[in-house]
Amino acid sequence: MNIVRRLHEAGITSEHAYAAAFGSVGLSLISWLASMQAEQAGVERADRWGIFVGEWAPTFFGLGLALAGYEKDTAASAPGARSGWLDHPSENTG
């Protein structure tokens, strides 16, 4: 959890990690297309580029999940802090 805590302290949120994951999926497609156009090495080389970049997405999704869990735990343990989405609707009626 030390890495997740350090990422959180550096200002990286779960939303950043999720955005990076979705971005790497798009970048995978772009790198595959660019390799097909720019290089004469063929489909095998383009596939390797696409797969290489596409393998980043699960890592970023995993970091996003870890950061989301850390953010939830941090918000729950803060003194006097309550997360609105954790409240039951019946508790919010006055």
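Note that the structure is a prediction, hence the values are computed from the model and not measured.

**Remarks on the environment of Phe22**
Counting through the fold element by element, Phe22 comes out in helix H2 (residues 14-38). With 34 residues separating them in the primary sequence, Phe22 and Trp56 have C-alpha atoms 9.7 Å apart.

**Some words on H2**
Between its first and last C-alpha, H2 extends 35 Å over 25 residues, near the 36 Å set by a 1.5 Å rise per residue. On its buried face, H2 is in contact with helix H3 (43-54) and helix H4 (56-77).

**So, the side chain of Glu71**
Mapped onto the elements of the fold, Glu71 is located in helix H4. The side chain of Glu71 is buried and forms no salt bridge, while Lys72, the nearest opposite charge, is found at 11 Å. What Glu71 contacts, discounting residues up to four positions off in sequence, is His8, Ile12, Thr13 and Ser14.

**What about the pattern of salt bridges?**
Under the definition given, this model contains one salt bridge. The closest approach of N and O atoms between Glu9 and Arg5, which form a salt bridge, is 3.4 Å. Here Glu9 pairs with Arg5, and both are found in helix H1 (residues 2-9), just four residues apart, close to one helical turn. Looking at Glu9, the relative accessible area reads 54%, which means it is exposed.

**A few points about the packing of H2 against H4**
Interaxial distance between H2 and H4 falls to 7 Å at its minimum, and their mutual angle equals 170 degrees. When the axis of H2 is compared with that of H4, the two are roughly antiparallel. Between H2, through Ser14, Ala17, Tyr18, Ala20, Ala21, Phe22, Ser24, Val25 and Leu27, and H4, the contact on the second element is made entirely by Trp56, Ala57, Phe60, Phe61, Leu63, Gly64, Leu65, Leu67, Ala68 and Glu71. Taken together, the residues that form the contact of H2 with H4 break down as 15 nonpolar, three polar and one charged.

**Digging into the confidence of the model for the protein**
For the protein, per-residue confidence averages 81 on the pLDDT scale, and residues scoring 70 or more make up 78% of the total. Predicted confidence for residues 83-88 stays below pLDDT 50, and this span has four contacts to residues more than four positions away or in other chains.

**Side note on the packing of aromatic side chains**
Each aromatic ring pair is specified by the distance between its two centres and by the angle formed by the two planes. By the definition in use, this model includes three aromatic pairs. An aromatic cluster is defined as three or more aromatic residues linked by ring pairs; in this entry it consists of Tyr18, Phe22 and Phe61.

Reading guide: rules and limits
Residues numbered from 1 in each chain as written. Predicted model: local features only at pLDDT ≥ 70, side-chain atom pairs only at ≥ 80, totals over all residues. Heavy atoms only, no water. Helix = DSSP H or I, 4+ residues; strand = E, 2+ residues; numbered from the N terminus. Expected span 1.5 Å × (residues − 1). Contact = heavy atoms within 4.5 Å. Buried < 20%, exposed > 50% of the residue type's maximum accessible area, 1.4 Å probe, protein only. Lys, Arg positive; Asp, Glu negative; His and termini not counted. Salt bridge = Lys/Arg side-chain N within 4 Å of Asp/Glu carboxyl O. Axes fitted to C-alpha atoms, helices over the stretch in contact; angles between N-to-C directions. Parallel < 35°, antiparallel > 145°, perpendicular 65-115°, else oblique. Nonpolar A, V, L, I, M, F, W, Y, C, P; charged D, E, K, R; others polar. pLDDT = per-residue confidence, 0-100. Phe/Tyr/Trp six-rings, centres within 6.5 Å; stacked < 30°, edge-to-face > 60°.

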